[in-house]
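Read off the chains here:
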Amino acid sequence: MMCDETIVVFADGPTRVFEERRQAMAGSTEDFDLVVIGFGKAGKTVAMKRAKAGDRVALVERDPMMYGGTCINVGCVPTKTLLTDMARFELGGGDGAKAFKRAQQRRNALIRKMNAANLQMAEAAGVQVILGEGRFVGERTIAVRTEAKERVIEGTVVVIDTGSETIIPPVPGADLSRVYTSTSIQQIERLPRRLVIVGGGPIALEFSTLFSGFGTEVHIVDNSDRALRNFEPDVAACAQGVLERRNINFHLNNTATLFEKEADGIRVRLADGSVLEADAVLCAIGRKPATSTLDLGAAGIEVTPRGAVKVDEHLRTNVDGVYAAGDVNGGPQFTYVSFDDHRIILEDAWGADKGHAGARSTCGRVLPTTTFIEPPLATVGMSEAAAVGEGYDVVVRSGLIADMAIVPRPKILGQTDGMAKFVIDAKSDLILGATLFCPDAQELINAVAVAIRSGMTATELGSGIYTHPSTSELFNALLG
């Protein structure tokens, strides 16, 4: 049964529209039990597990700098490494530019190590890693342009896991050298004195925290009518105040209309007629599925208007034996979601991983998220407005971290900014959602997610015995 909120209907049976072309190449085609396109979390994990099970597996990756996927090389791991060093700098002080350079060096060393380790793990598992750009030439047939030649490979099962790529806003001057993406700005040569960030989502917020921590004056240009628009309004207002005290300035209900080169910087013209002078611009308006080079039409694989590969709740495409996992299928863009995707595919394609109740699917997943500002901002489940909109009789338990006398850890850390909020069903006492803006929120939100998945009540979570001093004592403070 498909999720109520996402219904995708596919015609029965695959249509082999390129059968003649495939047969013409059959003599030179290499056969595999599994072909994975892209070295992302889901793809590499499925590839290694099936190779260890004895299958002949090929993993196609076009960029040697991306062995291991986006998270390891340009996403979660490198950015959180920079943020960790930023937090250490804020505690110790000193020269921000020099500290930023040291953070970049540590980031690069870690990524080189993890990149190499991922390649080694895949090859040790028996995966044949093919360096080259792949494109479909049939339903499960892929032509891979390598440095030496073009190889044609075919898989009984094919997993598309090519991830996502930065959306560049259609603003004149977006190709200037001082305009960066979330990938390129990690390697910026000098710490900017002033940085303009176009976009107000999690990527923008994290980079604003990172650069402001090293001493940069940051300006966020966001077309929303309020900052942190995807979070509970009261928590968002609290977080906005914290960010503004970090020298982060919000320009709301606004957009960038022109980037202009200056002798020693860049000028950003805004829709309201104002002008911002900066050393660098970061475009952070979001990411889109990376499908443009795959020639999905040659396989008859259906895509959404945004270019995402259409899948059902078991991550099957409309072509028999072809799956899509991670960012490329248009779902939530988190590496841990991609990891769960690999479990769904393993079970559906090979009957693996059945040690749980019911068949795995994307239906009903409880997905916690964390935006790594200071302190972290984490959420799970429904907001208060969404719960009321769905007809729940809602009880809200919330409070400022500084006011929680029985939660001393934030005071020990010198980080008492923030608040926590729980949305609870008054009839059942079940937790419908939570937002935690406090130290250790990235860890605590996982406990709340487990409580929601398991049907634990708010009272039960609040009556737990938690180590002291720990931020988890906020469960006692608000729910006990």
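Just so we're clear, the structure is a prediction, and the values are computed from it rather than from any experiment.

A. Quick look at the overall build of the protein. Assigned secondary structure in the protein consists of 13 helices and 22 strands. Taking 2.2 N^0.38 as the reference for a compact globule, 480 residues should give roughly 23 Å; the C-alpha atoms of the protein span a radius of gyration of 24 Å, in line with that estimate. Along the three orthogonal principal directions, the C-alpha set of the protein runs to about 70 × 65 × 40 Å. In the protein, the share of contacts with a sequence separation of at least 24, taken over all contacts with a separation of at least 6, comes to 65%. When the accessible area of the protein is evaluated, it comes to approximately 21,300 Å², of which 51% is carbon and sulfur surface.

B. The layout of surface pockets, seen in detail. The computed volume of the second largest pocket comes to approximately 330 Å³. If you trace the second largest pocket, you find 14 residues lining it, with Gly 381, Met 382, Tyr 392, Leu 432 and Ile 452 closest to the centre. If you list the elements that add at least two residues to the lining of the second largest pocket, you get strand 22 (431-437) and helix 11 (441-454). Of the residues that constitute the lining of the second largest pocket, the class distribution is nine nonpolar, three polar and two charged.

C. Just the pattern of salt bridges, in detail. Enumeration according to the criterion identifies 27 salt bridges in this entry. Two residues, Glu 30 and Arg 151, come together in a salt bridge whose shortest N-O distance is 2.7 Å. Within this pair, whereas Glu 30 is found in strand 1 (residues 29-37), its partner Arg 151 is found in strand 6 (residues 150-160), the two being separated by 121 residues in sequence. Between Glu 262 and Arg 267 there is a salt bridge, with the nearest N and O atoms lying 2.6 Å from each other. Assessed through its relative accessible area of 22%, Arg 267 is described here as partly exposed. Here the salt bridges do not stand alone but share partners, grouping Glu 260, Glu 262, Arg 267, Arg 269 and Glu 277 into one network.

D. Molecular detail of the packing of aromatic side chains. Enumeration according to the criterion identifies eight aromatic pairs in this entry. Relative to Phe 475, the ring of Tyr 466 lies with its centre 5.5 Å away and its plane at 65°, an arrangement referred to as edge-to-face. Each member of the aromatic cluster is reached from another via a ring pair, and the members are Phe 89, Phe 100, Phe 207, Phe 211 and Phe 214. Just above the ring of Phe 32 sits the side chain of Arg 56; from NZ or CZ to the centre is 4.2 Å.

E. The arrangement of the sheet that holds strand 9 (residues 194-198) in detail. Taken in spatial order, the five strands of this open sheet run 8-15-9-10-11, and their pairing is parallel. Each of the sheet's edge strands pairs with one partner strand only, and the pair in question is strand 8 (179-180) and strand 11 (248-251). Bridging between strand 8 and strand 15 (residues 280-283) involves two bridges; their strand directions are parallel. Along strand 15, the bridge assignment pairs Tyr 180 with Leu 282. On top of the sheet, helix 6 (residues 202-213) reaches strand 9, strand 10 (217-221), strand 11 and strand 15; it is set at about 165° to strand 10, its chief contact.

F. Seen up close, the environment of Met 66. Considering the arrangement of structural elements, one finds Met 66 in the loop between strand 2 (57-61) and helix 3 (70-73). The buried category is assigned to Met 66, whose relative accessible area is 18%. In the structure, Met 66 is positioned 52 residues away from Asn 118 in sequence and 9.7 Å away in space, judged by C-alpha atoms. What Met 66 contacts, discounting residues up to four positions off in sequence, is Phe 39, Glu 61, Asn 73, Val 74 and Asn 115.

G. Just the sheet that holds strand 12 (residues 256-262), in detail. Read from one edge of the open sheet, three strands run 12-13-14, paired in antiparallel fashion. For this open sheet the edge positions go to strand 12 and strand 14 (275-278), each flanked by a neighbour on one side alone. Strand after strand, the sheet turns through a mean of 20° between neighbouring axes, direction not considered. Pairing analysis gives four bridges linking strand 13 (residues 265-270) to strand 14, with the strands arranged antiparallel. Looking across to strand 14, one finds that Arg 267 is bridged to Glu 277.

H. Layout of helix 4 (residues 76-92). Here helix 4 is 17 residues long and its end C-alpha atoms lie 24 Å apart, about the 24 Å a rise of 1.5 Å per residue gives. Of all the positions in helix 4, only Val 77, Pro 78, Thr 79, Thr 81, Leu 82, Leu 83, Asp 85, Met 86 and Phe 89 are classed as buried. Residues of helix 4 that are buried make contact with helix 3, helix 5 (96-124) and helix 6.

I. Fine view of the nonpolar core. Judged by nonpolar contacts, the single largest core of 47 residues is most densely connected at Val 127, Phe 136, Ile 153, Ile 160 and Ile 301. Contact partners of Phe 136, with chain neighbours within four places excluded, come to Ile 37, Thr 141, Ile 142, Val 158, Ile 160, Leu 294, Asp 295, Leu 296, Ala 298, Ala 299 and Ile 301. Within the second largest apolar cluster, 39 residues are counted, among which are Phe 211, Val 218, Phe 231 and Ala 239.

J. Representation of the packing of helix 4 against helix 6 within the structure. As a packed pair, helix 4 and helix 6 sit with axes 9 Å apart at the nearest point and diverge in direction by 35°. Between helix 4 and helix 6 lies a crossing whose hand is left-handed. Residue-level inspection shows Thr 79, Lys 80, Leu 82, Leu 83, Met 86, Phe 89 and Glu 90 of helix 4 in contact with helix 6, the latter providing Glu 206, Phe 207, Thr 209, Leu 210 and Gly 213. Of the residues assigned to the contact of helix 4 with helix 6, the class counts are six nonpolar, three polar and three charged.

K. Summary view of unusual backbone geometry. The omega torsion of the bond from Glu 374 to Pro 375 falls at -5°, within 30 degrees of zero and hence cis. A cis amide bond links His 468 with the next residue in sequence, Pro 469, at an omega value of -5°. If you trace the backbone, Pro 469 turns up in the loop between helix 12 (458-462) and helix 13 (474-479). With a phi close to 50°, Asp 295 is a non-glycine residue in the positive phi region. Mapped onto the elements, Asp 295 comes out in the loop between strand 16 (287-289) and strand 17 (322-324). In this structure, Asp 429 is a non-glycine residue whose phi angle is positive, near 65°. Its place among the elements puts Asp 429 in the loop between strand 21 (419-425) and strand 22.

Conventions and cut-offs
Residues numbered from 1 in each chain as written. Predicted model: local features only at pLDDT ≥ 70, side-chain atom pairs only at ≥ 80, totals over all residues. Heavy atoms only, no water. Helix = DSSP H or I, 4+ residues; strand = E, 2+ residues; numbered from the N terminus. Rg over C-alpha atoms; globule rule 2.2 N^0.38 Å. Contact = heavy atoms within 4.5 Å. Areas by Shrake-Rupley, 256 points an atom, 1.4 Å probe, with all protein chains shown as cover. 1 Å grid on protein atoms, 1.4 Å probe; cavity = no way out; pocket = protein on both sides within 12 Å on 5 of 7 lines; lining within 4 Å. Points joined across faces, edges and corners; volume = space filled by probe spheres on them. Nonpolar A, V, L, I, M, F, W, Y, C, P; charged D, E, K, R; others polar. Salt bridge = Lys/Arg side-chain N within 4 Å of Asp/Glu carboxyl O. Buried < 20%, exposed > 50% of the residue type's maximum accessible area, 1.4 Å probe, protein only. Phe/Tyr/Trp six-rings, centres within 6.5 Å; stacked < 30°, edge-to-face > 60°. Lys NZ or Arg CZ within 6 Å of the ring centre and 35° of its normal. Pairing = 2+ DSSP bridges. Axes fitted to C-alpha atoms, helices over the stretch in contact; angles between N-to-C directions. Expected span 1.5 Å × (residues − 1). Core = buried A, V, L, I, M, F, W, Y, C linked by side-chain atoms within 4.5 Å. Left-handed = near helix turned anticlockwise from the far one by under 90°.

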